[in-house]
Amino acid sequence: MARCCSAFRAALGLAIAGLLCLGSGVFLVVSLPAIMEEQVVKNVRLDPSGMAFNLWKDLPVPFFFSVYLFEVLNPKEVLQGGKPVVTQRGPYVYREHREKTNITFHDNDTISFLEYRSFYFRPELSVGLESDYVVIPNILVSAAAVMLEDMPAGAQMLVSATFAAFGQGAFVNRTVGEILWGYDEPLIDFLNSIKPGLLPFKGKFGLFAEFNNSNTGLFTVYTGMKNINRVHMIDSWNGLKEVSYWNSDQCNMINGTSGQIWPPFMTPSSPVELYSPDACRSIKLNYSRSGDFKGIPTLRYVAPKNLFANGTDYPPNEGFCPCRQSGIQNVSSCRLNAPVFMSHPHFLNADPELLETVDGLHPNEEKHGLFVDLHSLTGIPMNCSIKLQLNLFMKRVPGIWQTGSIKTVVLPLIWFSESGEIEGDVFTMYRTFMVTIPAVLNYAQYILVALGGLLLVTATLLGLRSKRDARAKTPQMPNLPNGQIQDSETTPLLQKDSTHSSLQHFS
């Protein structure tokens, strides 16, 4: 009997444990998505007390700015009408530091800021030094020639004579540091002395002379405190809801984010757009594939093949025209009317005609494609590489002697890549809180449900067995004829009396 009671108590204990496990598992199944969503919202919105705000304010992710220059190998032949032959030099790699200042919260759920960029050369990551000499087109001469093409011949000859007086030709041989960050150019001072403000340079001229230690404009973005689906989305840039560089409302729109973080809870169908002050336009990216970055699930977004298509091949881009071949975008309207075109590196996805006019280009999707890998749960980039190329439109202008017999060509100058990936302690902390712990809880909920069910089944089987054993140990009564019931106390007496009567009768 004691053994049966012990089995019953064991079955009861297992049942209670099973109910607790099952209840905990069901609770996690029902509530875990809401708990995770609450934590993501709390840590992604731009709340000064949240994790995302500090990450956003002082980006701990190391960004690198890699520059490749196209050196012209046959400048004399080009001046005589030959096809340009170029070779890629670099990369020349810079550590890019970003600092947000003038951070101001507004009543309409927005925050405004200026972000300053500074660049520091990293020779150990580079193939070459800033002191390397490279032959490239003289942007001042070539751009001025195209811009003055419709001027009277006398004005052109005067400009050409000025170029000659300052020793300017169609090509220059300068160091990488000078080409990128500027060099003293007396011609600029002379032109600005004749007409103040003619060229927005103060003595130094370089492709990125105005970039270093400068900001990208005043961004105003949503904090997500009232609507998490709008967090980091741009409300205005430099106080503008749209720019005026282009010829259509659609092309002038300022869409998406500033290109650092996107809204959370993304799916492959979620739109990913950014506004790039450097490109003077919004850029929409397309979902490419799902992937994995060091154990974190990601969605990869890439530039569409028609990003720089002309209006003929892709009508929505008509507003960016006047256009030339597909694959290059005229950005002269936001680059002081200089004949500068933007494209993917090595004319990737461009009209084959562009490749036929220049030797030495080798487009490759893997090397030259633009991509962003986003963690779908938070919208935070895990890895990204934004790649663009600057090209100069060159042609012969009869009144400008320096242009010689150059054939009309869109000649690559440089291409650059801004890249970064989350790493170190920040990555470890991020993966722990956003991936590891949720994954453990996700597995735990199903383990608890399964364990609870198993314990309940075991308790039920144990209880049934205990009941069966108890019945087996209960004594059974023998059946008597004529429905009589045996009495254990009276039967012996009856048997004695019956024997005694039989003996008397015999006597």
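Residues numbered from 1 in each chain as written. Predicted model: local features only at pLDDT ≥ 70, side-chain atom pairs only at ≥ 80, totals over all residues. Heavy atoms only, no water.

## Overview of the confidence of the model for the protein
- With 85% of its residues at a pLDDT of 70 or more, the protein shows a mean pLDDT of 85.
- Counting contacts from residues 488–507, a segment whose pLDDT is below 50, to residues more than four positions away or on other chains yields one contact. (pLDDT = per-residue confidence, 0-100. Contact = heavy atoms within 4.5 Å.)

## A word on empty space enclosed by the protein
- Summed over the entire model, instances satisfying the criterion amount to five cavities of 30 Å³ or more.
- Roughly 610 Å³ of volume is contained in the largest cavity.
- In terms of lining residues, the largest cavity is bounded by 37 residues, among which Phe 63, Arg 98, Ser 258, Gly 259 and Gln 260 are the most central.
- When contributions to the lining of the largest cavity are tallied by element, the ones reaching two or more residues are strand E2 (86–105), strand E3 (110–121), strand E8 (214–222), strand E10 (272–276), strand E16 (381–394) and strand E17 (409–421).
- Class assignment of the residues belonging to the lining of the largest cavity gives a composition of 23 nonpolar, seven polar and seven charged.
- For the second largest cavity, the calculated volume is near 80 Å³.
- The wall of the second largest cavity is formed by Ile 136, Pro 137, Asn 138, Ile 139, Leu 140, Val 172, Arg 174, Ile 179, Tyr 183, Phe 205, Gly 206 and Leu 207.
- Elements supplying a minimum of two residues to the lining of the second largest cavity: strand E4 (133–137), helix H4 (139–147) and strand E5 (171–175).
- When the residues that make up the lining of the second largest cavity are grouped by side-chain class, the tally is nine nonpolar, two polar and one charged. (1 Å grid on protein atoms, 1.4 Å probe; cavity = no way out; pocket = protein on both sides within 12 Å on 5 of 7 lines; lining within 4 Å. Points joined across faces, edges and corners; volume = space filled by probe spheres on them. Helix = DSSP H or I, 4+ residues; strand = E, 2+ residues; numbered from the N terminus. Nonpolar A, V, L, I, M, F, W, Y, C, P; charged D, E, K, R; others polar.)

## Regarding the pattern of salt bridges
- Applying the stated criterion to the full structure yields 12 salt bridges.
- With a closest N to O distance of 2.7 Å, Lys 395 and Glu 149 form a salt bridge. Separated by 246 residues along the polypeptide, Lys 395 in the loop between E16 and E17 and Glu 149 in the loop between H4 and helix H5 (153–165) bring together distant segments of the chain.
- Asp 235 serves as the salt-bridge partner of Lys 241, at 2.6 Å between the closest nitrogen and oxygen.
- Residue Lys 241 is classed as exposed on the basis of its relative accessible area, which comes to 52%.
- Assessed through its relative accessible area of 17%, Asp 235 is described here as buried.
- When salt bridges that share partners are traced, they join Glu 96, Arg 98 and Glu 418 into one network. (Salt bridge = Lys/Arg side-chain N within 4 Å of Asp/Glu carboxyl O. Buried < 20%, exposed > 50% of the residue type's maximum accessible area, 1.4 Å probe, protein only.)

## Let's talk about the state of the cysteines
- The final tally for this structure, using the stated rule, is two disulfides.
- At a sulfur-sulfur separation of 2.1 Å, the disulfide partner of Cys 280 is Cys 334. Looking down the S-S bond of the Cys 280 and Cys 334 bridge, the torsion is 90°, so its handedness is right-handed. Of this pair, Cys 280 sits in the loop between E10 and strand E11 (281–293) while Cys 334 sits in the loop between strand E13 (328–330) and strand E14 (340–343); the two residues are 54 residues apart in sequence, bridging distant segments of the chain.
- Residue classification places Cys 280 among the buried residues on the basis of a relative accessible area of 2%.
- What makes Cys 334 buried here is its relative accessible area of 12%.
- The side chain of Cys 321 participates in a disulfide bridge whose partner is Cys 323; the two sulfur atoms lie 1.9 Å from each other. Residues Cys 321 and Cys 323 are joined by a disulfide whose S-S torsion is about -95°; by sign, that bridge is left-handed.
- Overall, the relative accessible area of 12% leaves Cys 321 in the buried class.
- Cysteine pairing for the protein (bonded cysteines numbered in sequence order): 1-4, 2-3.
- There is no disulfide at Cys 251, and the cysteine sulfur nearest it, in Cys 321, is 8.4 Å away.
- Given the relative accessible area of 5%, Cys 251 is considered buried. (Disulfide = S-S within 2.5 Å.)

## Comments concerning the side chain of Ser 326
- Following the sequence through the fold, Ser 326 ends up in the loop between strand E12 (296–302) and E13.
- A polar atom in the side chain of Ser 326 sits 3.0 Å from the backbone nitrogen of Asn 310.
- A polar contact is formed between the side chain of Ser 326 and the side chain of Asp 313, at a distance of 2.5 Å.
- If sequence neighbours within four positions are ignored, Ser 326 has contacts with Phe 308, Ala 309, Asn 310, Asp 313, Ala 350, Asp 351 and Leu 354. (Polar contact = N/O pair within 3.5 Å; in protein donor to acceptor, adjacent residues only side chain to side chain.)

## Examining the packing of aromatic side chains
- Enumeration over the complete set of coordinates arrives at 20 aromatic pairs.
- Both rings, one in Phe 65 and one in Phe 416, keep their centres 5.5 Å apart while their planes meet at 40°; by these two values the pair is tilted. Taken together, the residues Phe 65 in strand E1 (residues 63–72) and Phe 416 in strand E17 connect sequence positions 351 residues apart.
- A relative accessible area of 7% means that Phe 416 is categorised as buried.
- Measuring from centroid to centroid gives 4.1 Å for Tyr 68 and Trp 415, while their planes differ by 5°, and the two rings are stacked. (Phe/Tyr/Trp six-rings, centres within 6.5 Å; stacked < 30°, edge-to-face > 60°.)

## Details of the layout of surface pockets
- By volume, the second largest pocket amounts to about 370 Å³.
- Forming the walls of the second largest pocket are 17 residues, and the residues nearest its centre are Gln 250, Arg 281, Lys 284, Tyr 314 and Asn 317.
- When contributions to the lining of the second largest pocket are tallied by element, the ones reaching two or more residues are helix H8 (249–252) and E11.
- A total of five residues in the lining of the second largest pocket trace back to one element, the largest contributor, which is E11.
- When the residues that make up the lining of the second largest pocket are grouped by side-chain class, the tally is eight nonpolar, six polar and three charged.

## Brief notes about the pairing of E17
- With 11 of 13 residues buried, E17 is to be regarded as a mostly interior element.
- Where E1 meets E17, seven bridges bridge the pair, whose relative direction is antiparallel. Looking at E17, one finds that Phe 65 is bridged to Glu 418.
- Two strands pair when backbone bridges link them, and E16 and E17 are joined in this way by 12 bridges, in the antiparallel orientation. Note on E17: the bridge partner recorded for Met 394 is Val 409. (Pairing = 2+ DSSP bridges.)

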